[in-house]
Amino acid sequence: MTFLNPGFLWGLLLTIPVIAVYLLKVKPRVEKTNTWFLWDQILEERQSNSLFSKLRNFLSLLLMLLVVVLVSLSLSNPIFSKRDTRDVFILIDQSVSMNGMIDGEPGIEIAKEKARSIISSLGTSQRASIADSKAAGRAVAKMAQSQVAENIESASGELRIVFISDGCLDFELDEKLPIERVAISESQRENIGIVAADIQPKIGSADATVMVQLVNSGKEAKSVELEIFCEKTQSIEELIEINVLAGSNKPHFFTLKDS
Amino acid sequence: MSLTDPSFISRLESLFLTARRVLGGSLQADRKSTRKGIQSKQLAAALGYISLNCHDRIVPYAMADKLQPIIEPSRGRGAILPFLRSLEQTDTFGSDTQFLKCIKELQARHTKKGVVLVISDFLYPDGFDEGLRLLQGMKHDTFCLQIHDPEDLKCEYKGDIQLECVETKKRTKVTVTKKEVQSYEKAIADWNEKLRKTCVKREIGYLSTSSGMEFEDAIIQIIRTGGLAG
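Notes on the structure in this doc start here. Please read all numbers here as calculations on a predicted model, not as lab measurements.

The rules we used
Residues numbered from 1 in each chain as written. Chains lettered and ligands numbered in written order. Predicted model: local features only at pLDDT ≥ 70, side-chain atom pairs only at ≥ 80, totals over all residues. Heavy atoms only, no water. Helix = DSSP H or I, 4+ residues; strand = E, 2+ residues; numbered from the N terminus. Buried < 20%, exposed > 50% of the residue type's maximum accessible area, 1.4 Å probe, protein only. Contact = heavy atoms within 4.5 Å. Areas by Shrake-Rupley, 256 points an atom, 1.4 Å probe, with all protein chains shown as cover. Buried area = accessible area lost by both parts, 1.4 Å probe. Salt bridge = Lys/Arg side-chain N within 4 Å of Asp/Glu carboxyl O. Polar contact = N/O pair within 3.5 Å; in protein donor to acceptor, adjacent residues only side chain to side chain. Nonpolar A, V, L, I, M, F, W, Y, C, P; charged D, E, K, R; others polar. Phe/Tyr/Trp six-rings, centres within 6.5 Å; stacked < 30°, edge-to-face > 60°. Lys NZ or Arg CZ within 6 Å of the ring centre and 35° of its normal. Axes fitted to C-alpha atoms, helices over the stretch in contact; angles between N-to-C directions. Parallel < 35°, antiparallel > 145°, perpendicular 65-115°, else oblique. Left-handed = near helix turned anticlockwise from the far one by under 90°. Arc of directions from axis to C-beta. Pairing = 2+ DSSP bridges. Patch = residues over 30% accessible without salt bridge, like charges linked within 9 Å, V, L, I, M, F, W, Y side chains within 5 Å. Expected span 1.5 Å × (residues − 1).

1. A closer look at the overall build of chain B
Phase 1: Helix and strand counts for chain B stand at 8 helices and 9 strands.
Phase 2: Evaluated residue by residue, chain B yields a buried proportion of 53% over its 230 residues.
Phase 3: Once local pairs closer than 6 in sequence are excluded, the contacts in chain B between residues at least 24 apart make up 77%.
Phase 4: Accessible surface for chain B amounts to roughly 10800 Å². Of this, 49% is attributable to carbon and sulfur atoms.

2. Considering the interface of chain A and chain B
Phase 1: Listed by partner, the interface residues are 17 residues for chain A and 32 residues for chain B.
Phase 2: Broken down residue by residue, the surface that chain A buries against chain B is led by A:Asn34, A:Trp36 and A:Trp39, which jointly contribute 28%.
Phase 3: If you look at where chain A meets chain B, you find 1 salt bridge.
Phase 4: At the boundary of chain A with chain B, the tally comes to 7 residue pairs in polar contact (both at pLDDT 80 or more).
Phase 5: With 6 residues, helix H2 (residues 36-45) of chain A is the single largest residue contributor to the side of chain A that touches chain B.
Phase 6: For the side of chain A that touches chain B, a count of residues per class yields 8 nonpolar, 3 polar and 6 charged.

3. Quick look at the packing of aromatic side chains
In this description, an aromatic ring pair is defined by two values, namely the gap between the centres and the angle between the planes.
Phase 1: Tallying each qualifying case throughout the model produces 7 aromatic pairs over all chains.
Phase 2: Where B:Phe122 meets B:Tyr124, the ring centres are 5.6 Å apart and the plane angle is 50°; that geometry is what we call tilted.
Phase 3: Looking at B:Tyr124, the relative accessible area reads 1%, which means it is buried.
Phase 4: By way of ring pairs, the aromatic residues A:Phe37, B:Phe128 and B:Trp191 are connected into one cluster.
Phase 5: It is B:Lys194 that lies over the ring of B:Phe128; its NZ or CZ is 5.7 Å from the centre.
Phase 6: Positioned above the aromatic ring of B:Trp191 is the side chain of B:Lys194, whose terminal nitrogen or guanidinium carbon lies 5.7 Å from the ring centre.

4. Remarks on the packing of helix H2 (residues 35-53) of chain B against helix H3 (residues 80-89) of chain B
All names here are of chain B.
Phase 1: Running from N to C, H2 and H3 cross one another at 165°; their axes reach a closest spacing of 10 Å. Overall, the two elements H2 and H3 adopt an arrangement that is roughly antiparallel. Our pair here, H2 against H3, has a crossing hand that is right-handed. From H2, Lys41, Ala44, Ala45, Gly48, Tyr49, Leu52 and Asn53 reach across to H3, where they touch Ile80, Phe83, Leu84, Leu87 and Glu88.
Phase 2: Residues that form the contact of H2 with H3 fall into these classes: 8 nonpolar, 2 polar and 2 charged.

5. A short note on helix H1 (residues 15-24) of chain A
Residues and elements named next belong to chain A.
Phase 1: Buried within H1 we find Thr15, Val18 and Tyr22. Across the axial projection of H1, the buried residues extend over an arc of 60°, all falling on one side. Turned more than 90 degrees away from the buried face of H1 sit Ile16, Val21, Leu23 and Leu24, all of them exposed.

6. Description of the sheet that holds strand E2 (residues 29-33) of chain A
Phase 1: Sheet architecture is open: 3 strands sit in the order E2(A)-E7(B)-E8(B), paired in mixed fashion. The sheet is open, and its two edges are formed by E2 of chain A together with strand E8 (171-176) of chain B, each paired on a single side. Along the sheet, successive strands turn relative to each other by an average axial angle of 40°, direction set aside.
Phase 2: Here H2(A) sits on the sheet and contacts E2 of chain A together with strand E7 (159-165) and E8 of chain B; the angle it forms with E8(B), its principal contact strand, is near 60°.

7. Considering a nonpolar patch on the surface
All names here are of chain A.
Phase 1: Taken together, the side chains of Phe8, Val67, Val71 and Leu75 present a nonpolar region at the surface, about 340 Å² in accessible area.
Phase 2: Its place among the elements puts Leu75 in helix H3 (residues 50-75).
Phase 3: By relative accessible area, which is 41% here, Leu75 ends up partly exposed.

8. Details of helix H4 (residues 107-120) of chain A
All names here are of chain A.
Phase 1: Between its first and last C-alpha, H4 extends 20 Å over 14 residues, near the 20 Å set by a 1.5 Å rise per residue.
Phase 2: When H4 is considered as a whole, its buried residues turn out to be Gly107, Ile108, Ile110, Ala111, Ala115 and Ile118. In a view along the axis of H4, the buried residues occupy a sector of 160°, so they form one face of it.

9. Some words on the pattern of salt bridges
Phase 1: Here the structure, examined in full by the defined rule, presents 12 salt bridges over all chains.
Phase 2: Across the pair A:Lys112 and A:Glu109 runs a salt bridge whose closest N-O atoms are separated by 3.6 Å. In this pair, A:Lys112 and A:Glu109 both sit in helix H4, 3 residues apart, roughly one turn of the helix.
Phase 3: Residue A:Lys112 is classed as partly exposed on the basis of its relative accessible area of 37%.
Phase 4: On the basis of relative accessible area, A:Glu109 is assigned to the partly exposed category, the value being 31%.
Phase 5: The shortest N-O distance in the salt bridge between B:Glu164 and B:Arg171 comes to 2.8 Å.
Phase 6: Judged by its relative accessible area of 6%, B:Glu164 falls in the buried class.
Phase 7: Several salt bridges share partner residues, and in doing so they unite A:Lys32, B:Glu164 and B:Arg171 into one network.

Set out below in C-alpha cells:
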C-alpha cells in the first residue's frame, strides 16, 4: 500500500489528544433523587447488560480512534493496487502527419491533451518530463535498433516511457521494447509520406534527376500527385502522378527539366 | 411563609370555617425539607389547627429512621401557636425512612385507638405494606395522605449523570436513555398505584396531592374527597 499524500498521516497524532480526553473524562453532573430505591431496581434489571456498559466507554474510545485513523488515511490517499509509481517520460510525435485533422481537431492537439491527461493522473511523488520531436518516431526506432534499446530496458525499471503518436510510422517499432504506445485516434489513420528524397543535376545539362521514395501506411494502393515547388519563383515546377502501393515503395526516379 | 405568620393563621381560620368539622389524632410529618416537606408542614398545620380548635388531642411526630415528637401531646386552642412554632422548627433528620420501625414505635407509645394521619410521599425503600398492615391491626382509623412532587413522577434526566440519594448520599453513574426514562416513570406509577390498592384493600383512607397545589385547595380536597368531613 502506498500513499499519494503521506503528509496527512501526521493526522494520526490526533489520536493522542483523543486518548487524553478519554483518560481525563468529563465528570457527569450530579442529580439528586429521593427515589433512589426505584433507580436501584431499574439498574438491577439492567445488570445483565453490565458487561456491555463496562465496555461501552472503551468502545466509544475505539470508535473515536477509528474515525481519526480513517480520516487521516483517507486524506493521505492510499493506493492498494499495484499502481505504476515510476516517473514518466512522454515523447510526442511531431511529424507532419500529426497536423492531420481528427474529428475536426489537429492530431498534435489531441496528443498534447493525451499528455496532459497522463500527467494529471500521476501521483504527487511522481515526476514527468515531456519532449517532442519532428522525428520522434524515427528517434524511437533508432533507439530500438541500436544498443540504446538495452539502456531503455534497464531504464524502464525506474522510468515509464510513453510515445504518443498517430501511428503513421514509416518504420516498424519493436513490440518488445518497453515503450507504451498511445494512439491519438482509435482507428489507424492512413498516411502516405516521403521517406527518402534526393536530387542530382545532370552533367552538361540544365536538367536534374529526382529520386523520391514513398511509403503508404494504408492497406490499398493510392494515386497521389507530387508537386515540385520552386521557392525562388514561387511556382509549381512539376506535377507528377504516382501510384503508391501499400507499404514501402521502390524509389521513383524522374527528370526535372531546366531545373 | 412562616406557619406562625398572622396571615397564615388567618387562612387557617377561614379554612376552619369552611371545614365545619375537625379531626384529631397522631400526626406525622414527612421529614423532607423540599417542596414536599413544606407542603406536608402546611397540611399538618392546617389539620392540626382544625383538631386543636375542636379540642381534640393531637400528638404530632416527625418520621424518618425513627419517630421524633414535634410537640408534647396537646389539646385546645391554646396549644395552636406552640404547635405551629414547633412544627416550623422541625427539620429533616436521620437517613432512610423506616416506616415499619416507626409504626412499631408508635404502637409501643400509643395503645389507645385514634385517628392516624400519615402525611408522606410514601417512597420508602423498605416499602409501606407492612407498616400499613400493622396500623390496620392496631385498629386505628388510618388515613394516608400522599404528597408527590411533579418532578418525582417524571424523569427529567438525560445522558450520563451521577445519581445521588438525598438521604444516604450514595452515588452511582447512570446513562439515562429513553428506556430508563420509561422504566422509571412506570416504576413510580406502579409504586403509587400499589399504595392506592393497598389502602383500598386494608380499608385505609387514601388521598394523593401534589406539592404544587395550594394548601387550602389540598385541604378542601382532602376533607371533601377523603370523607374526613361530614
